[in-house]
Amino acid sequence: MRRAVCPGSFDPIHNGHLEVIARAAGLFDEVIVAVSTNYAKKYRFSLEDRMEMARETLASLRGIIVEPMGEGLLAEYCRHRGISAIVKGLRSSSDFDYELPMATMNRQLAGVETVFLPAEAHYVHLSSTLIKEVNVLGGDISDFVPKSVLKRLLAGEPPTDLPRKG
Ligand code: ADP
């Protein structure tokens with residue numbers, strides 16, 4: 001069985017993520033969406049909420065599992081689960097410059113390859129951070145996130161570290 005991982009913080013999951021995960025599911029027998037938590041980072045959504053939104057939006061796709069990644073190395077995570085590939089979406093050359101050393105390190109540490117999928121043109125500008133900022137400032141983000149994410153973003157209080165609508 002060919003198993004891949006799509007790692008990320010998914011705070012929250014958006015249409016750019018979903019598109020890359022769906023393409024990964026077409027290439028591998030099983031795709032694990034590994035939701036990471038870095039305790040130095042401040043998240044808009046809890047790990048449970050981030051996983052729930054990912055599960056809700058990926059429920060109709062076969063062969064996808066949503067799991068917490070834990071705190072350790074991605075290379076070790078892959079080794080323990082028999083994962084042969086890490087799948088990453090690439091939006092820009094700066095994504096590539098950031099990802100290349102990690103890809104080489106993961107191959108050297110655990111023999112795991114990284115597969116880069118070019119971001120779909122329609123979603124190439126999307127990041128969770130930009131979507132949250134546009135939402136807090138009152139912009140329409142409905143084209144960029146699935147319905148369950150939109151509902152939560154519209155219902156929630158803006159986080160204190162982002163500007164509030166005046
Ligand atoms: P991080 O955990 O680095 O904050 P994200 O959770 O936002 O990253 O994204 C996880 C992964 O999803 C990224 O490493 C990238 O491979 C992919 N990704 C993010 N945004 C897009 C996009 N708009 N199009 C395609 N892939 C994307």
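See the structure shown above.
In short, a report on the structure. Everything numeric in this text was worked out from a predicted model, so none of it was measured.

### Some points on the overall build of the chain
When helices and strands are counted, the chain shows six helices and five strands. For the chain, the succession of helices and strands along the chain, N to C, is β-α-β-α-β-α-β-α-β-α-α. What you see for the chain is a C-alpha radius of gyration of 16 Å, in line with the 15 Å of a compact globule of 166 residues. If you line up the chain on its principal axes, its C-alpha atoms span 50 × 30 × 30 Å. Across the 166 residues of the chain, 43% fall into the buried class. Pairs at least 24 apart in sequence give 75% of the contacts found in the chain among residues at least 6 apart. If you average the places of the 20 positive and of the 21 negative side-chain charges in the chain, the two averages end up 2 Å apart.

### Description of the site of the ligand
Contacts to the ligand come from 17 residues, most closely from Ser-9, Phe-10, Gly-89, Tyr-123 and Leu-126. For the ligand, an oxygen atom lies 3.0 Å from a polar atom in the side chain of His-17. For the ligand, a nitrogen atom lies 3.2 Å from a polar atom in the side chain of Arg-91. Going through the elements one at a time, strand 1 (3-8), helix 1 (15-27) and strand 4 (85-90) are the ones with two or more residues in the shell around the ligand. The biggest single contributor to the shell around the ligand is helix 1, with three residues. Looking at the shell around the ligand residue by residue, the classes come out as six nonpolar, seven polar and four charged.

### Looking at the sheet that holds strand 1
Read across the open sheet, the five strands follow the order 3-2-1-4-5; overall the sheet is parallel. Of all the strands in the sheet, just strand 3 (64-70) and strand 5 (113-118) have a single pairing partner and so form its edges. Strand-to-strand twist in this sheet, taken as the mean axis angle between neighbours without regard to direction, amounts to 35°. Relative to strand 4, strand 1 is paired through two bridges, and the arrangement is parallel.

### Points about the nonpolar core
Ranked by internal contacts, the top residues of the largest apolar core, which has 30 residues, are Ile-13, Ile-21, Val-31, Val-33, Leu-58, Val-66 and Val-87. Contributing elements (two or more residues each) for this core: strand 1, helix 1, strand 2 (30-36), helix 2 (47-58), strand 3, strand 4 and helix 6 (147-155). Membership of the second largest hydrophobic core comes to 10 residues, among which are Ile-32, Leu-74, Cys-78 and Ile-86.

Cut-offs applied
Residues numbered from 1 in each chain as written. Predicted model: local features only at pLDDT ≥ 70, side-chain atom pairs only at ≥ 80, totals over all residues. Heavy atoms only, no water. Helix = DSSP H or I, 4+ residues; strand = E, 2+ residues; numbered from the N terminus. Rg over C-alpha atoms; globule rule 2.2 N^0.38 Å. Buried < 20%, exposed > 50% of the residue type's maximum accessible area, 1.4 Å probe, protein only. Contact = heavy atoms within 4.5 Å. Lys, Arg positive; Asp, Glu negative; His and termini not counted. Charge placed at Lys NZ, Arg CZ, Asp CG, Glu CD. Near = heavy atom within 4 Å. Polar contact = N/O pair within 3.5 Å; in protein donor to acceptor, adjacent residues only side chain to side chain. Nonpolar A, V, L, I, M, F, W, Y, C, P; charged D, E, K, R; others polar. Pairing = 2+ DSSP bridges. Axes fitted to C-alpha atoms, helices over the stretch in contact; angles between N-to-C directions. Core = buried A, V, L, I, M, F, W, Y, C linked by side-chain atoms within 4.5 Å.

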